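Residues per chain, in single letters:
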Amino acid sequence: MSNELVPHQSDEVAPLRKAESEVAPVTDKGAASLFNQLKGFWVTFRTMFKKVNTVEYPEVKEATAPRFHGRHQLNRHPDGLEKCIGCELCAWACPADAIYVEGESNTEAARYSPGERYGKVYQINYLRCIFCGLCIEACPTRALTMTNEYELADNDRGKLIFEKDDLLAPLRAGMLPPPHPMYPDADHHTYYRGEVPGASPLQENVAKNVSRNISESNQ
Amino acid sequence: MSIQEVNRTGTSELEPAVEMVTLTIDGFEVTVPKGTLVIRAAERLGIQIPRFCDHPLLDPVGACRQCLVEIEVNGRKFPKPQASCTIPVEPGMVVNTQLTSTVADKAQQGVMELLLINHPLDCPVCDKGGECPLQNQAMSNGRGESRYEGKKRTFEKPINISAQVLLDRERCILCARCTRFSDQIAGDPFITLNERGALQQVGIYEKEPFESYFSGNTVQICPVGALTGASYRFRARPFDLVSTPSACEHCASGCDMRSDVRRGKTLRRLAGDDPSVNEEWNCDKGRWAFKYAHQDRITAPMIRDESGELREASWPEALAVAAEGLSVNRSAVLTGGRVTVEDAYGYAKFARIALRTNNIDFRARFNSEEEREFLATLATTTVKYSDIDQADQVVLLAFEPEEESPIIFLRILKQVRKRSLKVVSVAPFTSRGNSKLGAEVIKNVGNEPSEIASLALTSKSVVLVGERLAEIAGALSSAKALVEKTGAKMAWIPRRAGERGALEAGAIGNLLPGARPVKDPAARVDLQTAWSVESIPSEPGLGTDQILEALHKGDIEALLVGGVDPFDISRDAIEGLKKAFVVSLEIRNSAMTEIADVVLPVAAVVEKSGSFTDWQGSRRSFDAAVSDSLQRSDLRVLSMLAEEMQRPIHLPTVAAASKEIAALGTWDGNPATFAPSASIASKVPSENQALLTSWRNLLDEGTLQSGEPNLAATAKKAECVISADRAERLGVKDGDLIRISNEIGSMTLPARIGDIDFRAIWIPRNSKGSRPLLELGTCTHSLVTVVKA
């Protein structure tokens, strides 16, 4: 036992630095030395007339490739309901454990997505995300996609955990902010087949009543 | 469960040598006991035949047809593939599973395709997703693509078949596991398969909801997501959960459990697989009552300041105040019946060393000196579940197994179903549980001791004594005499999980740890040496009632309590407690918090390791399910407190306590003696009077069931059971309100006419609207006036 504890002393390990005598001395002198310097400057001079590959970021920004893996986005159905069903398959697929999801039941009073389930909590930790896109492939409803936005830097680690609100797609024309009921006579199959054109006035009225009821009950 | 595991339970040891059968499966020879099913014989070779309806603890049914294999007997092949879960082995049988037979493989793929025709593509939203036998076996034994192009059959989804269980009929593959479980294991055939063909579906009766105490098991054994629990709905995915084997903290049945935790919170609990105890089942209370640990927690120590208000304090400050308050001459400890073995040992050692007293009692309920003496002789009883399996009759004395220890109920029911086991119960009326057991009920309220004495038993009979028997003076003595006379086996079954462990750990006034009688000088010296202390108090300590009385009189100045609800003991216990200096170790705010002078927060069961001793005397240890909890166990807090008092108990960790308990062992000297008590002649009720009887229902207003409304909704409604002639006298029908009163107070409950003793009435002890101890100041064997309300 005891001899195993003796520090390993071996001369097999190569020294980190070569002995001084092995380093080649500078031997060039006179004209030869000057020529070598000019050769170097010539490379610099020639480059001044070449087309530059860089841009003056951040004043100038170049478009990314169309399929660039940037920040994620949680998409919406045309009437504003969320596509995310809180199934956690993205979190399951994530090799960096960057996604945290908690599901919840949709109720008649508060519906966020078609069907039974929606994602109540949705977080992506951009300190961990490696932008591999496996989450996008895993998503069964195309709720999660990636945008081309790449400016994801901050001086606060906490701010780099994006919540659902940060990730949700903006409301476009014809969309109502959830919670609101499904399109009249539609079910989740209709939504997934893409047959819902946009929010109907009926949904708008109910949504208004719901929000009024909520604000009244809060008072 | 494999064949080997069945043997491990010891049930087959007494059976005559089993005839063995040799057969060939996929070219390998295997020898199994006669009667084994082909699917199980294949398991012994490690060959997995896909299956859904097959369950080792349920009768074979062959409903799903997924386990088709090719079978050849005596050189003749069955013309078509056969379901291996219904065919017993035969000598010389040649079986070819999907691994060696293309016919079997194709047949299985065909069955899978048929099962999936109407199964919705719900996997992303289904709670079973990720741990689903259908998902897994569709991958292993199904085709990649479906050829079905028609429309799937749809149903409204999901529907509540009880407040706690949701049914999604679209997902059901009609394996009948749930209906068979309810019928064969739980004895509650409240669900059944209705309709035929594609519309066949699981359904409930219109009039009777699926309110079985065992409904949670159907969720666990459902091989698809057709039955799901309402409280776990959409909470997590299997990969989110950290699973820890644990022990159930609710009753003394001693179930093996699995706790699934996500981010420091228990999200669900499942029945573990212990063939010698709970097999693969548990009750709904064990499965769903765990949210009490999530709400209203005390997280910091608190001390009562001069103004009488509790304020948060640092640990050193609170410990100093507590230590000073407890350093008086006369003090006592009440531990409650929910402690783990190690915590109970901590309390016992703390009382003897730090408080120098034997005034300690775990009985936060009815308690008598007769019971304490009875308990002192119990430590060596070794009745097990397997004794029920072999008994010629089971006698239940003041014990309602379905309400008070559901796994014992399942075990008795199994034997009743299997071999018509005789069950005799001394109880006021035939409860639902008793009628399921087909029990002969001896109804003679007030004269139980003489009824017990006249029972005819043999040495193969098992007597199960409920903790409520102590409430009848002389009944325990009578039971003990009966057992000594007949040689029958006797076990005491407390209602709470920690009581048996606390008894053995010495958390009672007449016993030291390891069942050492306090009165025995040799036992005290033995313990003194083990603990390295100079002396151990030689006077037996006071019992719970005596402690409360002494508190009332001011004879005891300081009290240490651990998770005791004073209203479990008596109506006015709190008055006595107010007079003393009270240090309370608690997980949540309670009635005790309001009067305590120092409150020290402790860990809930999921946050600490430890062990529980079940009614058989077997210990089940568990690790902390929430491993990163900052809460300390009772033991740790007691250890810190003892150090603060300069009288250390040297038990820094659960492991240390466990080691010390093992080293101490059980006392091998003279055991405690039992002096029988006389029974008291029962009071005779007059015309409109009755003898009150009660017990606690499994699901009631218990502290550990709070925070789970879905579970509470399946609890039985409180009602008062009265006899038919009393109903006639009062002029009431089922459901009419009656008023029960005495000099302290009154309660009004709906009546239910039952076969109860004409002198008695029965009410639940702690249900919504029926808390007799609070309202009437009594809960058993006392006279009350009963009138129509």
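Criteria and thresholds
Residues numbered from 1 in each chain as written. Chains lettered and ligands numbered in written order. Predicted model: local features only at pLDDT ≥ 70, side-chain atom pairs only at ≥ 80, totals over all residues. Helix = DSSP H or I, 4+ residues; strand = E, 2+ residues; numbered from the N terminus. pLDDT = per-residue confidence, 0-100. Buried ≥ 20, exposed ≤ 12 C-beta atoms within 10 Å, placed from the backbone. Contact = placed C-beta atoms within 7 Å. Pairing = 2+ DSSP bridges. Expected span 1.5 Å × (residues − 1). Arc of directions from axis to C-beta. Nonpolar A, V, L, I, M, F, W, Y, C, P; charged D, E, K, R; others polar. Axes fitted to C-alpha atoms, helices over the stretch in contact; angles between N-to-C directions. Core = buried A, V, L, I, M, F, W, Y, C linked by C-beta atoms within 7 Å. Parallel < 35°, antiparallel > 145°, perpendicular 65-115°, else oblique.

### Some words on unusual backbone geometry
A negative phi angle characterises most non-glycine residues, just as the trans form characterises most peptide bonds.
Here's step 1: For the bond running from Y57 of chain A to P58 of chain A, omega is 5°, close enough to zero to count as cis.
Here's step 2: In this structure, P58 of chain A sits in the loop between α1 (31-47) and β1 (72-74).
Here's step 3: Cis geometry marks the peptide bond from P178 of chain A to P179 of chain A, where omega comes out at 5°.
Here's step 4: Residue position: P179 of chain A is located in the loop between α4 (164-167) and α5 (188-192).
Here's step 5: Backbone geometry at A398 of chain B places phi at a positive 50°, although glycine is not the residue there.
Here's step 6: Looking at where A398 of chain B falls in the secondary structure, it is placed in the loop between β19 (393-397) and α12 (401-404).

### Side note on the confidence of the model for chain B
Residues and elements named next belong to chain B.
Here's step 1: Of all residues in chain B, 98% have pLDDT values of 70 or greater, and the mean over the chain is 92.
Here's step 2: When mean pLDDT is compared element by element in chain B, strand β20 (residues 422-426) scores highest at 97, while helix α1 (residues 3-8) scores lowest at 42.
Here's step 3: If you check the scores for this complex, the pTM reads 0.90 and the ipTM reads 0.86.

### So, the environment of A207 of chain A
All names here are of chain A.
Here's step 1: For A207, the position within the fold is in helix α6 (residues 201-218).
Here's step 2: Since 20 C-beta atoms lie within 10 Å of it, A207 is described here as buried.
Here's step 3: Separated by 132 residues in sequence, A207 and N75 have C-alpha atoms that sit 20 Å apart.
Here's step 4: The contact partners of A207, leaving out residues within four places of it in the chain, are L176 and H180.

### Describing the pairing of strand β30 (residues 619-622) of chain B
Within a regular beta strand, the side chains point alternately toward one face of the sheet and then the other, so they alternate between its two faces.
Residue and element names in this part refer to chain B.
Here's step 1: Direction of pairing for strand β29 (residues 610-613) relative to β30: antiparallel, over a ladder of four bridges. Bridge pairing in β30 places G610 opposite F622.
Here's step 2: A loop of five residues connects β29 with β30, the two strands running antiparallel in sequence, and G617 in this loop sits at a positive phi of about 90°.

### Here's the deal with helix α8 (residues 315-326) of chain B
Residue and element names in this part refer to chain B.
Here's step 1: Here α8 contains twelve residues, and its C-alpha end-to-end distance of 16 Å stays within 8% of the 16 Å for a straight helix at 1.5 Å per residue.
Here's step 2: When we look at burial in α8, the residues that qualify are A318, L319, A322, A323, G325 and L326. Here the buried residues of α8 occupy an arc of 165° about the axis, which is enough to place them on one side.
Here's step 3: Packed against the buried residues of α8 are β15 (302-304), β17 (331-334), β26 (558-562), β27 (581-586), β28 (598-601) and α23 (634-644).

### Digging into the interface of chain A and chain B
Here's step 1: If you look at the interface, chain A gives 13 residues, while chain B gives six residues.
Here's step 2: Going through the elements one at a time, α2 (89-93) and β2 (99-105) of chain A are the ones with two or more residues in the side of chain A that touches chain B.
Here's step 3: By residue number, the principal contributor to the side of chain A that touches chain B is β2 of chain A, which donates three residues.
Here's step 4: Across the side of chain A that touches chain B, the residue classes tally to five nonpolar, four polar and four charged.

### Notes on the sheet that holds strand β14 (residues 265-271) of chain B
Residues and elements named next belong to chain B.
Here's step 1: As summarised here, the arrangement of the three strands in space is β12-β13-β14, forming an open sheet in which the pairing is antiparallel. Edge positions in the sheet fall to β12 (242-247) and β14, since each has one partner strand and no second. Each neighbouring strand pair of the sheet contributes to a mean axis angle of 30°, computed without reference to strand direction.
Here's step 2: Alignment of strand β13 (residues 256-262) against β14, held across six bridges, turns out to be antiparallel. What sits directly across from M257, in β14, is A271.

### A closer look at the nonpolar core
Here's step 1: Grouped together as the largest cluster of nonpolar side chains are 237 residues, with contacts concentrated most on L397, L464, V465, A479, L559 and I761 of chain B.
Here's step 2: In terms of residue count, the dominant contributor to this core is helix α9 (residues 341-354) of chain B (eight residues).
Here's step 3: In contact with A479 of chain B, other than residues within four places in its own chain, are L397, I452, V463, V465, L469 and M490 of chain B.
Here's step 4: By size, the runner-up hydrophobic cluster in this structure holds 23 residues, among which are C90, V101, I124 and C129 of chain A.

### A few points about helix α16 (residues 475-486) of chain B
All names here are of chain B.
Here's step 1: Taking 1.5 Å per residue as the helical rise, α16 with its twelve residues ought to reach 16 Å, and the 16 Å between its terminal C-alpha atoms agrees with that figure.
Here's step 2: Taken together, the buried positions of α16 are A475, L476, S477, S478, A479, K480, L482 and V483.
Here's step 3: Elements in contact with the buried residues of α16: α10 (369-376), β19, α15 (448-453), β22 (462-466) and β23 (489-493).
Here's step 4: Immediately downstream of α16, the backbone of G487 shows phi near 75°, a positive value.

### A word on the sheet that holds strand β7 (residues 159-160) of chain B
Residues and elements named next belong to chain B.
Here's step 1: Read across the sheet, three strands follow the order β7-β8-β11 without closing on themselves; strand pairing throughout is antiparallel. Edge strands, defined here as strands with exactly one partner in the open sheet, are β7 and β11 (227-229).
Here's step 2: In this structure, β7 lies alongside strand β8 (residues 165-167), joined through two bridges in antiparallel fashion. Along β8, the bridge assignment pairs I159 with L167.

### Remarks on the packing of α10 of chain B against α16 of chain B
All names here are of chain B.
Here's step 1: Interaxial distance between α10 and α16 falls to 9 Å at its minimum, and their mutual angle equals 30°. In terms of axis orientation, α10 runs roughly parallel to α16. Residues E370, E371 and F374 of α10 touch α16, and the partners they reach there are L476, S477 and K480.
Here's step 2: Its residues assigned to classes, the contact of α10 with α16 comprises two nonpolar, one polar and three charged.

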